[in-house]
Every structure is written in C-alpha cells, then in structure tokens.
Amino acid sequence: MNILEVENLSLAYGKQQVLDDISFEFKKGKIIGLLGPNGAGKSSILKVLAGLVFADSGKLKINNQSQTEFHKVKSITGFHIDSPSFYPFLSAKENLYLLMKMNQKQIDIDVLLRKVGLENVGSKKVRFFSTGMKQRLAIAQTLLRSPELLILDEPFNGLDPNGFQDLIDLIQKLNAEGITIVVSSHLLNELEQLAEHFILLHHGKIALDISKKELQKSKNKVEFNFISELTEASIQLLNDKKAEFISENRLILKLNPKEVEQLVLALVHNGNSPVKVETLTLLQEKYLEITV
Amino acid sequence: MIRLVQIELIKLFRSTRTYLTFGITLVLMLIIDLGLYSDGDELFNYLLQSINDYFYLEGNLVNGYLISYLALNTLWVHIPTLIVIVTAHIFSSEFEQGTIRLLLTQSASRGECLMAKFICMILYVICFMIVVALSALIPSVMIFGTGDVPVFIDGIQFIQESSFLSRFWKTLMFSTIAMVAFSSLAMAFAIWFRNTLTAVLVVLGLLIVLTLLQTFVFGIFSSWQPFLFSYHIAKWQLFFMSDIPMPSIWNSVYYLIGMTFICYVVTYIKFNKMNISE
C-alpha cells in the first residue's frame, strides 16, 4: 500500500520554477532517499508535503488522504523541515511538553529523550544545545505523534561523524519499528547506505527514480586498475566484456555487482590481480552527471 | 483552543521581555511619583497660577488621584510602545526563531494557531493595563492620599474625589479596547513583515504621524480626524469631563472594535495563504 502519492506537482517562487511536474509514490515501511544538489527542489517537496508551502498545481496524498484533509494526516506524520528550531528559552523537556500538549498526545517524554540519546540534557535550555543535539531533539519532536510517516529534511547537516552514525542507527531502528521514513540529503554516499528507494532531483525535475534492488541489478560503471601487464587471456576476457581501455593498465566496464565478483576471480585466475576496483553506481553516475 | 492558548501563554510568560515591560511601567510610575513628591507643590502652583488670582482653592490639590491621572497623560506614548513590543513579538518571534515550521507542522490548523495567539495578545494587554492601573494608583495614593482632581479639558474642571475611581476604571477598560486595537495593527504588520522591530517601527510611526495630523484641528486635516485611530484612542480623556459624553465614547469603542476585527481578518487571510519557504 502506498503511504505517499505525488502527482504532477509544480511550484514556482515568482518566476523561478522550483518543482516541475513531479510525480512519485512510496510504499509503506521503506526508507526513501530524496537526493539532489542544493537548489534541486528537495526541501520544497517536503515543505509542500508538510503544508508549509502551497503548490501551484498537482495532487498530494498521504495515507490515502488528499491535501484538503491534511489536518487528519498531520496526526500520523512527523516533520523535521530545514534546520531544527525550538523555543530557545525553554528546556528540551518543556519544548517537547508544549508540542505534546498541542497534539493532545500522552507520551512519556523521558522515554522519548532516552530514545534519541538526550536523557541527560532534558532540563537544559535549548539555546545551549549543539547542532547535533538539536537534530536529535528535532527527531524526538517528530516522534511525539507516534507517526507512521517521518519526513526528515537534511537531518545530517552539522553532525560530526559520531553523531552522523548515531542518527543513521536511529533512523534504521525507527524504520524497523514500521515507520516509513523520507530523508532528503545532498550527501549521496551516506544516503545510499541508508535508503531503499531513491529519487534524484535536478532543477525541480526527477532525474532518476530507482529502488535499491533495481540499483543492485543495474550495470554499474566499474574501473579496474592493474600494476602488472595484462595477460593475453585477461585481455581476451576484458574485450569480451566490452571493456573501454583508458590506458594499458586502466579500464572501465559496465557490470552488475555479481559480474564484478566473477570477473575479479577470472582475472586473478589469469594472473592479473587488480589493485583497485572502483564502482560508480548508476545513482552516483547520474548524480555526478548533474552536479559537474 | 484552550490548550493552544495555554501554550501561547506559557511561551509569553517564559519570555523575559514580558516582565521587562511590566517592570519598566512600574519604574516609570515610581519616577513620576517621586518627581511630584519633591517638586509637586511648586509645579501645581505654577499651573494653577492663573486661577489662583480669581479663586481661593482649598484642600489637598496634589493628591494620589491627580497623580494617577497625570501619569496616564504622561505615558500615552510609552504605554502603546511597550505593549506593541510584546504583542508584535507574539506573532513575529515564530518567524525569527524559525519555530513557525515547528508550529505549523503540528496537528493544529493555521487558523487555530492565529486565534490562540490573538487571544493570548488580548490577555497580555489586559494584564498590562492592570499593571498600569495598579502601579499608577497604589503608590501615588499611598504617598499623597486622595482628593478632588483638577482636569484641564476645555478649561479647568474639578472631578470629585468620590467619582474619580469609577472614571479611572472606565478609562482603563476603554484603554484596554484601544490597546487591543493598536496591538491588532501590530499583529498584522508582524505577520506581514515577519519581524518584530519592523512591525513596531511601522505601527509606532503610524501612531506618531496620525497624532500629528490630529493636532491640526482646522484646515485640510480636520475632516480626516474621525477616520484616524489615534483620534479614537485619545477619547479616554473624555471620562474625565464633568459630563461624560457617552455617545462619542461608544462611537470610538465601535470604531476600535471594528478596527480590531478588520486587522484580524486581514491577518487571517494573509497567514492562511502564506508560504513558509525560508
């Protein structure tokens, strides 16, 4: 069942077209990565979904509810849009308490703070929080409504490597609990290890809409580097695979992950162990294409 | 709605600036009391010099009631300034802190959020006017006692001590309505500009300009006066005339309530259609 359906969505700020006839749909229970360079339209899509921005045209459905019934949808959706903002003169607990009261929910705030690793700073005023702590608090506030769908806009911004890994673990844990999560980011590698479905945006249009499974089956651009001279058998093998030689010891092939494994074994058998095998996934290739 | 108003009140009364406005009002009142305590007699002798030549005035002229009345007269620009600093902030702070995204992605609708803030604004104005009333009245009565009040409106008039308090409370009720109307204007500008300082500057600028226009009783500006909110806000003075002209006061009350309603409707339409894109 689809949790999110977007049909022919368009949005312009003045003369600038931000979203141009975008359509996609997401199944329940997945982690979806919304990718693209800055200004691609990622945040704009999420702002339209959150009801912060009104689209010029198009249809939106969250959990089968259309945009006109969004107040019903809000109770099952958690939003973290843009940089996390809270009432700075209130503590983390007080901020969460206000939002809980607003949503008429009864949730143990201490348990929630423990879930996001902020149990020791619950009484501290938010103005003294680091960016990482604010990001965690932002996730905590999205969980106040026991959501079925979480929408996280650039949640990795400003995080150090530890904070980053913690957040990935937290997102995976929440997804394991059955929550569908939409994450937008311009960090391709990080999102690639997290999401199961990817939408790559460029200038407000969808450049690629692909699942992780499809990505794994698709032929990737693989670069092989050798130190030793290639044997006749290896050259024959590589030519059969339609290798594109950049130099004598460097070449590029289009292979899926299984084929890469088989080729490496065959090359080793022929006496040519590659010193470097670098795979550029279809997603990375497309991303590079639009950003360069 | 009640829970939304409670949330707004928590935000309002956890903010230092709310108490600062109360504190500043109290300090201003005490300064007026102390000033008049030391120089009051000389000042009033000077003011009443012209009638002293013709009349024999007996009794406690420099009294707490007179000082309360003078305090309201002196602070006619300070009170609106202090009020709009807080009331504009109730609306624009959400934009300044970025919490507007947090607020509008919760389960309450935009209309509910605005109404809660509007009610909170009214409650703040009521609290503020109570602070003004008590800080104007209590210290001055304690220091100077009570007595009849000489008032300069169309010449000198003496307000009897026994009728002063009822006039004073009616004045405060009227002023509360006036300040709610003035704050509604601040609300509209705060939502429009999404910035407290700009909203406060614009609304105070308007008050100053309109008050200036109002001072020209004759000539091209005179016909505009009934349409200026500053004209209606200043009607509180009429409660200190010997015969209170109630029809004129009611007229101003309707004008101010109408102005509040229009400001709310305009803000509601703007807020409901607003894109929170930044």
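Residues numbered from 1 in each chain as written. Chains lettered and ligands numbered in written order. Predicted model: local features only at pLDDT ≥ 70, side-chain atom pairs only at ≥ 80, totals over all residues. Heavy atoms only, no water.

**Q** Please explain unusual backbone geometry as it appears in this structure.
**A** Leaving glycine out, the prevailing phi sign among residues is negative, and the prevailing peptide bond configuration is trans. All names here are of chain A. The residue Asn8 is not glycine, and still its phi comes out positive at about 50 degrees. For Asn8, the position within the fold is in strand 1 (residues 2-13). The exposure class of Asn8 is partly exposed, given its relative accessible area of 36%. (Helix = DSSP H or I, 4+ residues; strand = E, 2+ residues; numbered from the N terminus. Buried < 20%, exposed > 50% of the residue type's maximum accessible area, 1.4 Å probe, protein only.)

**Q** Which parts of the structure should I look at to understand the pattern of salt bridges?
**A** Once the charged atoms of two side chains with opposite charge are near each other, the side chains can pair. A full pass over the atoms with the stated rule returns 12 salt bridges over all chains. Notably, a salt bridge pairs A:Glu94 with B:Arg14, separated by 2.6 Å at the nearest N-O pair. Of this pair, A:Glu94 sits in helix 3 (residues 92-102) while B:Arg14 is found in the loop between helix 1 (2-13) and helix 2 (16-47), placing the two residues in two different chains. Take A:Glu94: its relative accessible area is 28%, and that puts it in the partly exposed class. (Salt bridge = Lys/Arg side-chain N within 4 Å of Asp/Glu carboxyl O.)

**Q** Can you walk me through the packing of aromatic side chains in this structure?
**A** Geometry of an aromatic ring pair is reported as the spacing of the ring centres plus the angle between the planes. Residue and element names in this part refer to chain B. Across all of its chains, the model carries 21 aromatic pairs over all chains by this definition. A connected cluster of aromatic rings, assembled from ring pairs, spans Tyr65, Tyr69, Phe164, Phe168, Trp169, Trp236 and Phe240. If you follow Lys270 out to its NZ or CZ, it ends over the ring of Trp192, 4.2 Å from the centre. (Phe/Tyr/Trp six-rings, centres within 6.5 Å; stacked < 30°, edge-to-face > 60°. Lys NZ or Arg CZ within 6 Å of the ring centre and 35° of its normal.)

**Q** Hey, could you run me through the interface of chain A and chain B in this one?
**A** Accessible area lost upon the coming together of the parts is a frequently used measure of interface size. At the junction of the two partners, chain A supplies 28 residues and chain B supplies 28 residues. Between chain A and chain B, a total of about 2700 Å² is buried, with carbon and sulfur atoms accounting for 57% of that surface. Our enumeration of links across chain A and chain B arrives at one salt bridge. At the boundary of chain A and chain B, one finds 13 residue pairs in polar contact (both at pLDDT 80 or more). Of all the elements in the fold, those that place two or more residues in the side of chain A that touches chain B are helix 1 (42-50) and helix 3 of chain A. (Contact = heavy atoms within 4.5 Å. Buried area = accessible area lost by both parts, 1.4 Å probe. Polar contact = N/O pair within 3.5 Å; in protein donor to acceptor, adjacent residues only side chain to side chain.)

Read these as layout, nothing more, since geometry by itself doesn't imply function.
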